[in-house]
Amino acid sequence: MWNWDYAFSILPQILAALKITVSATFFGFLLALLLGLILSILIRADIKAVSLAVKGIVQFIRNTPLLVQLYFIFYVFPQFGITFKPFTAGILGLGIHYSTYLSEVFRSGIEAVPAGQWEVVKALNFSQPQAWTKIILPQVIPPIIPVIGNYLITMFKETPLLSAITLVEILQTAKIIGAGSFRYLEGFTIVGVVFFLLSYSSSQLIKKLEVRLGKSN
Amino acid sequence: MTPIVSYKNITKAYGELEVLKEIDFDIYPGEKVALIGPSGSGKTTLARLLMTLEEPNSGTIEVEGKGLWHEEINGKLVKANGKHLREMRKSIGMVFQHFYLFPHMTVLKNVMEAPVTVLGLSKKKARLQAEEMLEKVGLGDKLDVYPAQLSGGQKQRVAIARALVMKPNIMLFDEPTSALDPELVGEVLEVIKEIALESDMTMLLITHEMDFAKEIADRVAFFNEGTIAEQGTPEEIFNHPKTPRLQTFLSRFNP
Ligand SMILES: Nc1ncnc2c1ncn2[C@@H]1O[C@H](COP(=O)(O)OP(=O)(O)O)[C@@H](O)[C@H]1O
Ligand SMILES: [Mg+2]
């Protein structure tokens, strides 16, 4: 059944496609972090209407499937004149979807900062942006790094969804190879192993980080 | 002399609970005023209003002749905006009961951060000032230590240095030693006493340390149920209390 020679012959092609998967994950996650932070700060806004509107949007996005969102961005938006390349659409979809989860992570991290920090920051006359960047966020981020890391891994494992909007990432590449040679076993196995190796080693890295962060606190 | 701080008919309520009742209170430049009184009588609230951490329900506060929560624009009193509040806060500093040091920064960074970020000082200059201030509070050997490694008394002295380095004209101390183990109270009081004696800063001190208040205060105000029930020189307040309330309150400290 399993053919090593064949497996090695298709390996370079699959690994080349890994670049697409990894960069989609990287940029998608970057967007998710940025948007997530903005959402979590907006949810805290003093203006009730803003806070409620943002909360509503977050709930809506979180409770609809990522695949549906990807289809909207890639197939529906063009009907309104907004067209994206598959890669861009994929990053947008991943970024927006995961920003709603990350906003929740940021929110709980921000709430964990004692109220006294906000008071002393005011007493020392920091502006709001100064307070956020110098005092609050540096206290928010270290404790939530492990949770953020786990979302990164989850997102990474969801990138094969992007094949549904025609992005030729690693799984799609294996499928195309399989369709040409009528051998699917090796290709899909390699894809599975690659995902496992990267996810598992990342999760071990996060665990180590968690221990280190726990010690320094 | 015109007051540096003037509370005028200030009322503050949390929901139904009236915490400050039509308070009129003046503090003069350079004056060291001690606030004493039972807990829950509104002392902290009075200080927090001045630090702009709370807004009064009615009345006005003037600091250095300008409205704190209100500003006059074309002869009309309007609610102060963020910019005005930031301008006013330059004159005021506060030391809290629970220190609130920045846990992610060393002692030196705790003291340097606001001068660099808020006042725009160069790192070099801020560092010099911070080191000098930490030396003054007796922590010149703890510059690179993180707050978690300090005792309560050391933490509070860092907090004092951090507030002082901003050079406020008015300093508020809200029970600076109440969260400390008894054996650490002395070192903090010593530092505050030194500052009080050598500087012409205006100081408002909320404290339960009666001997300390007697020693450094020019004037003592006794708070009771949201009003200033009695005030006078330390001699008047501690040796010749007039109201039964104050007599009862003081008797608890001299059993
Ligand atoms: N944020 C708040 N919300 C509700 N009640 C408060 C709040 N802060 C203070 N109080 C109440 O106001 C009263 C006066 O408090 P405070 O000014 O802290 O008194 P003191 O400093 O003299 O002990 C107390 O009864 C306290 O419970
Ligand atoms: Mg109090």
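Just so it is clear, the structure is predicted and the values come from calculations on it, not from any experiment. For every chain, the first residue of the written sequence is number 1, and numbering continues from 1 along that sequence. All chains are assigned letters beginning with A, and all ligands numbers beginning with 1, in the order in which they are written. This being a predicted model, a pLDDT of at least 70 is required before a residue's local features are given, and a value of 80 or more before pairs of side-chain atoms are given or counted; all residues contribute to the totals for chains, interfaces and linings. To obtain the side-chain values, all non-hydrogen atoms of the structure were included, while hydrogens and water were left out.

Caption draft 1: Quick peek at helix H9 (residues 244-251) of chain B. All names here are of chain B. When H9 is considered as a whole, its buried residues turn out to be Leu246, Phe249 and Leu250. Along the axis of H9, the buried positions cluster into a sector of 95 degrees, meaning they face one direction only. Counted as exposed and oriented over 90 degrees from the buried face of H9: Pro244 and Thr248. Between two residues, a contact is recorded if the distance between any of their heavy atoms is within 4.5 Å. Note on conventions: DSSP H or I runs of at least 4 residues are helices, E runs of at least 2 residues are strands, and numbering of each starts at the N terminus. Of the surrounding elements, those touching the buried residues of H9 are strand S3 (32-36), helix H7 (210-216), strand S11 (219-224), strand S12 (227-232) and helix H8 (234-239). Each residue is placed in one exposure class: buried if its accessible area under a 1.4 Å probe, protein chains only, is under 20% of its type's maximum, exposed if it is over 50%, and partly exposed if it falls in between. The arc refers to the directions leading from the helix axis to the C-beta atoms.

Caption draft 2: Region of interest: the sheet that holds strand S9 (residues 170-174) of chain B. Residues and elements named next belong to chain B. Whether two strands pair comes down to DSSP finding at least two bridges between them. The six strands are arranged S8-S9-S10-S3-S11-S12 in an open sheet whose pairing can be described as mixed. Each edge of the open sheet is held by one strand with a lone partner, namely strand S8 (92-95) and S12. Taken pair by pair, the neighbouring strands of this sheet meet at an average axis angle of 20 degrees, ignoring direction. Across five bridges, S9 lies against strand S10 (residues 202-206) in parallel orientation. Across the sheet, the residue bridging to Ile170 is Thr202, located in S10. All axes are obtained by fitting lines to C-alpha atoms, using only the stretch in contact for helices, and the reported angles, taken between N-to-C directions, cover 0 to 180 degrees. Here helix H6 (residues 182-198) sits on the sheet in contact with S3, S9 and S10, set at roughly 150 degrees to S10.

Caption draft 3: Region of the structure containing the sheet that holds strand S1 (residues 5-14) of chain B. Pairing in this open sheet of four strands is antiparallel, and the strands run S2-S1-S4-S5 (chain B) from one edge to the other. Two strands close off the open sheet at either side, each with one partner strand: strand S2 (17-27) and strand S5 (66-67) of chain B.

Caption draft 4: Inspection of the nonpolar core at higher detail. Nonpolar cores were defined as sets of buried Ala, Val, Leu, Ile, Met, Phe, Trp, Tyr and Cys residues, with membership established by side-chain atoms within 4.5 Å. In terms of nonpolar packing, the biggest core is built from 110 residues, with Phe25(B), Leu50(B) and Leu134(B) touching the most fellow members. Per element, the largest residue contribution to this core is nine residues, and it comes from helix H6 (residues 128-158) of chain A. Setting aside residues up to four positions removed in sequence, Phe25(B) forms contacts with Val5(B), Ser6(B), Tyr7(B), Val33(B), Leu35(B), Leu46(B), Leu204(B), Arg219(B), Ala221(B), Ile228(B) and Gln231(B). Of all hydrophobic cores here, the second largest spans 14 residues; its members include Ile14(A), Ile170(A), Ile190(A) and Val194(A).

Caption draft 5: Layout of the layout of surface pockets. A cavity here means a set of 1 Å grid points, computed over protein atoms only, where a 1.4 Å probe fits but cannot escape. A pocket is an open set with protein on both sides within 12 Å along at least 5 of 7 lines, and lining residues have an atom within 4 Å of a point. Grid points are joined across faces, edges and corners, and a volume is the space filled by probe spheres set on the points. The calculated volume of the largest pocket comes to roughly 740 Å³. Lining the largest pocket we find 25 residues, and of these Arg44(A), Asp46(A), Trp118(A), Lys122(A) and Gln128(A) sit closest to its centre. Elements supplying a minimum of two residues to the lining of the largest pocket: helix H5 (115-123) and H6 of chain A together with helix H2 (82-89) of chain B. Lys, Arg, Asp and Glu make up the charged group, whereas Ala, Val, Leu, Ile, Met, Phe, Trp, Tyr, Cys and Pro make up the nonpolar group; the residues left over, Gly among them, are polar. In terms of residue class, the lining of the largest pocket is made up of twelve nonpolar, five polar and eight charged.

Caption draft 6: Inspection of the pairing of S12(B) at higher detail. Residue and element names in this part refer to chain B. By the bridge criterion, five bridges tie S11 to S12 in an arrangement that is antiparallel. Across the sheet, the residue bridging to Ala221 is Gln231, located in S12. Counting the residues in the hairpin turn of S11 and S12 gives two residues, including Glu225, whose phi is positive at 45 degrees.

Caption draft 7: Inspection of unusual backbone geometry at higher detail. All names here are of chain B. A positive phi is found at Glu175, a non-glycine position, where the angle reads about 45 degrees. Its place among the elements puts Glu175 in the loop between S9 and H6. Given a relative accessible area of 12%, Glu175 falls into the buried group. One non-glycine residue, Glu225, lies in the positive phi region at around 45 degrees. Along the chain, Glu225 falls in the loop between S11 and S12.

Caption draft 8: Quick peek at the confidence of the model for chain A. Per residue, pLDDT captures the predictor's confidence, and it can take any value from 0 to 100. Averaged over every residue, the pLDDT of chain A is 94; the share at 70 or more is 98%. The secondary structure element of chain A with the lowest average pLDDT is helix H8 (residues 185-216) of chain A, at 89, and the one with the highest is H5(A), at 97.

Caption draft 9: Quick peek at helix H4 (residues 123-136) of chain B. All names here are of chain B. Along its 14 residues, H4 runs 20 Å from first to last C-alpha, staying within 8% of the 20 Å computed at 1.5 Å per residue. Of the residues making up H4, those classed as buried are Ala126, Gln129, Ala130, Met133 and Leu134. What you see down the axis of H4 is that its buried residues fit within an arc of 130 degrees, all on one side. Among the exposed residues of H4, those pointing more than 90 degrees away from its buried face are Lys124, Leu128, Glu132 and Glu135. Here the buried face of H4 lies against helix H3 (107-117) and helix H5 (152-164). Here the expected length of a helix is defined as 1.5 Å per residue gap, with one fewer gap than residues.

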